[in-house]
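# Residue-level structural notes
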Amino acid sequence: MCGIIGCTGVKCASKILYKGLEDLEYRGYDSAGIAVLDGGKIFSVKRRGRVSEIKSGAEKLRGTSGIGHTRWATHGRPSDENAHPHTAGAFSVVHNGIIENYAVLREELVSEGHVFSSQTDSEVVVHLLNKYYSGDLKAAVLSAVERLKGAFALCILCEGYEGFVAVKYRNPIIVGVGGDALYAASDMPALAGLAESVAVLKDGQIAFASEGKITLCDFNGGAAGLSLSPIPAAARSTRLGGFPHYMIKEINEIPAAVKNTVHAFTEEKCYAALTRAAKKRGGFKDIILCGCGTAYHSALAAAYTAEELLGIPVRAETAGEFRYKKSAANSGTLFVAVSQSGETADTVEAARAAKGAGACVAAVTNVPYSALTGVADIVVPVRAGTEVCVAATKSYCGQIAALALTVTALKGRQAYIKMLAELKDIGAKCSAAISDCMVEAAARACASSSGVYFIGRGIDYPVALEGSLKLKEVSYVPGEGYPAGELKHGTIALIDGGTLTVAVITDKTLAEKTASAIEQIYSRGGRAAVVYASGCAPENLIERAEFAIEVPASSDSISPIVSVIPLQLIAYRTAVILGRDPDKPRNLAKSVTVE
Ligand code: F6R
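## Details of the packing of aromatic side chains
Taken as a whole and judged by the stated rule, the model has seven aromatic pairs. Seen from their ring centres, Phe91 and Tyr133 are 5.1 Å apart, and the 80° between their planes marks the pair as edge-to-face. With Phe91 in strand S6 (residues 91–99) and Tyr133 in the loop between helix H4 (123–132) and helix H5 (137–146), this residue pair connects regions lying 42 residues apart in the sequence. Taking relative accessible area as the criterion, Phe91 reaches 0% and is therefore assigned buried. Taking the centre distance of 4.8 Å and the plane angle of 40° together, the rings of Phe322 and Phe335 count as tilted. Taken together, the residues span a long stretch of sequence, with Phe322 in helix H10 (residues 319–322) and Phe335 in strand S18 (residues 333–339) at a distance of 13 residues. Overall, the relative accessible area of 3% leaves Phe322 in the buried class. You can call Phe335 buried: its relative accessible area is 0%. One aromatic cluster in this structure is built from Phe152, Tyr169 and Phe219. Its guanidinium or amino end placed over the ring of Tyr271, Arg413 lies 4.3 Å from that ring's centre, counting from NZ or CZ.

Structure below.
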């Protein structure tokens, strides 16, 4: 959504903040800003556009305490005025989240004479702080926070207070200590290289960071203990390391992502946790797998195989829909929330709703300290490593592996051991898919098409959805993902010589059926291509295809880990050919922490 950062006790705050904003930029990149305290007064720079837009302004700022922000707009279009920090009176504020009651608060504050300079929901916070401030910073923060509804992580500067205040409610904030300096940021990687020890703030906590010390209290003002631990090695800030973009770097990291995920599943004793939870409830009666975007696609892929294997009802739902369904889960339900970031508001709220209905909640996530893990009864780790590119790639493959282990663990030891063995070989198959993949011609074909449709049946359908999402998201070439049999029920009207249809075929038993869908495309003057697992596609389909990409075959539940790779690579190359930035596609942000 947005990235926020704060620091105090450093030599030059703006330098640290600028560098931190570069690390946080994947969270939002439509505007950026920094405010510092210099001689007890607030000075700031903020601009519409990428973080680099504030570089020269930031270089002019002096001072040892400050806050920074990189924005993904929710209220108010991207503009200089709507960029954070919002500064008024004695305060400057950066905010990640959403203030749901901002309209009422704004009306009240305006009627009291406060003058607003932006269209954002966030600006009410700075005016509330001024309203309640009469020399006691803590009292002002407590009173302001008490008025806010919604989700908010805040960093606050106050004139005369050499330090900053961090507030956490439903959006993440981590505080850190490095030597005499104190920090706060939306995520760990932004603190790597700065802080030696860190603490993840809990909902309803406020941190006062000043003069080498962080003091915590709750929203009622009661003291809270701060428990710092060394910053995890996995949070090391990532660099491109010779790759031109994070997207291609992260696709190349898929074999390691899968290997580390399998290792973490065994090391963190997930098998025992899952079977214990099932036993406690007399066996799960149904499973709901839930997520958004790419995470929903991995949930859908797992649902395909889980129902067959476990013989109980299993379904995948998008989190935004599940949340508002009545009686969707109960005490017999295993609710599996899938989220790379563990922060996506829809997914976290869906997990809360399921838990409220009595379900056992398992969180499949790449971020162990996320909001989702706080809700979950069981955490199933994905260890894909920090994913910087906005488009999810290696985390999807890690999720498929973690979900396959989860499902087989519920089936029993034999199925689980078999899955562990299958996953041992998958890294080599991924490496082969990455290095052997000839995507250039495919990407050129996609780049010159008016629309690209991806089709698949069974386990290949969620992969088709993911291939389509990836291509749209990073290249802006329109299209859809469809079950192969559905295309003829309407969407086939869009097929002409300008469109391309890509069939994904990894299940030999369904290959002929998908091939007939392709015949229907050819009969209407359309163009077609195929991504297939070795030995699974009919020869005549391969021969006639505009491009045909072969990947190593693997068992159904984990075949998406390999078959998605060419689709990710095609999306990446198409974006590059069309001159798009694959790491930061327009209108997007890495994690969506508003509904
Ligand atoms: C697509 C993509 C998004 C995310 C979705 C959920 O490439 O990255 O569709 O998958 O926003 O995010 P998480 O997994 O963090 O909950």
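Here the narrative resumes.
## Here's the deal with the side chain of His84
On the secondary structure map, His84 appears in the loop between strand S4 (65–71) and strand S5 (86–88). A residue is classified by how much of its surface remains accessible, and His84, at 3% relative accessible area, is buried. A polar atom in the side chain of His84 sits 3.5 Å from the side chain of Ser122. Among residues more than four places away in sequence, those in contact with His84 are Ala32, Gly33, Lys46, His69, Arg71, Val93, Val94, His95 and Ser122.

## Notes on the site of the ligand
Around the ligand there are 14 residues in total, and Ser339, Gln340, Ser341, Thr344 and Glu473 lie nearest to it. At 2.6 Å, a side-chain N or O of Ser339 approaches an oxygen atom of the ligand. If you map the ligand onto the pockets, it falls in the largest pocket. Elements with a contribution of two residues or more to the shell around the ligand: helix H9 (293–310) and helix H16 (460–475). By residue class, the composition of the shell around the ligand is six nonpolar, six polar and two charged. Both domain 2 (240–435) and domain 3 (437–581) contribute no fewer than three residues apiece to the shell around the ligand.

## Overview of the layout of surface pockets
In this structure, the largest pocket occupies an estimated 510 Å³ of space. Taken together, 30 residues make up the lining of the largest pocket; nearest its centre are Cys292, Gly293, Thr294, Lys590 and Val592. Counting residues per element, the ones that place at least two in the lining of the largest pocket are H9, H10, S18, helix H11 (345–356), helix H13 (394–411) and H16. Top element by residues in the lining of the largest pocket is H9. It accounts for four residues. When grouped by side-chain class, the residues that make up the lining of the largest pocket number 12 nonpolar, 13 polar and five charged. For the lining of the largest pocket, the domains that each give at least three residues are domain 2 (240–435) and domain 3 (437–581).

## A word on the domain arrangement of the protein chain
Interface size, as often reported, equals the accessible area lost upon joining of the parts. According to the domain assignment, the protein chain consists of domain 1 (3–236), domain 2 (240–435) and domain 3 (437–581). The gap between the C-alpha centroids of domain 2 and domain 3 is 25 Å. Contacts between the two partners involve 33 residues from domain 2 and, on the opposite side, 31 residues from domain 3. Counting each side, the surface lost to burial between domain 2 and domain 3 is near 2600 Å², with a carbon and sulfur contribution of 74%. On the surface where domain 2 and domain 3 come into contact, there are zero salt bridges. Taken together, the connections running from domain 2 to domain 3 amount to eight residue pairs in polar contact (both at pLDDT 80 or more). Only helix H6 (246–252), helix H7 (254–267), H9, H13 and helix H14 (413–436) provide two or more residues apiece to the side of domain 2 that touches domain 3. Per-element tally for the side of domain 2 that touches domain 3: the top contributor is H14, with 10 residues.

What counts, and where the lines are drawn
Residues numbered from 1 in each chain as written. Predicted model: local features only at pLDDT ≥ 70, side-chain atom pairs only at ≥ 80, totals over all residues. Heavy atoms only, no water. Phe/Tyr/Trp six-rings, centres within 6.5 Å; stacked < 30°, edge-to-face > 60°. Helix = DSSP H or I, 4+ residues; strand = E, 2+ residues; numbered from the N terminus. Buried < 20%, exposed > 50% of the residue type's maximum accessible area, 1.4 Å probe, protein only. Lys NZ or Arg CZ within 6 Å of the ring centre and 35° of its normal. Polar contact = N/O pair within 3.5 Å; in protein donor to acceptor, adjacent residues only side chain to side chain. Contact = heavy atoms within 4.5 Å. Near = heavy atom within 4 Å. 1 Å grid on protein atoms, 1.4 Å probe; cavity = no way out; pocket = protein on both sides within 12 Å on 5 of 7 lines; lining within 4 Å. Sits in = over half its atoms within 2 Å of the grid points. Nonpolar A, V, L, I, M, F, W, Y, C, P; charged D, E, K, R; others polar. Domains from an automatic or database assignment. Points joined across faces, edges and corners; volume = space filled by probe spheres on them. Buried area = accessible area lost by both parts, 1.4 Å probe. Salt bridge = Lys/Arg side-chain N within 4 Å of Asp/Glu carboxyl O.

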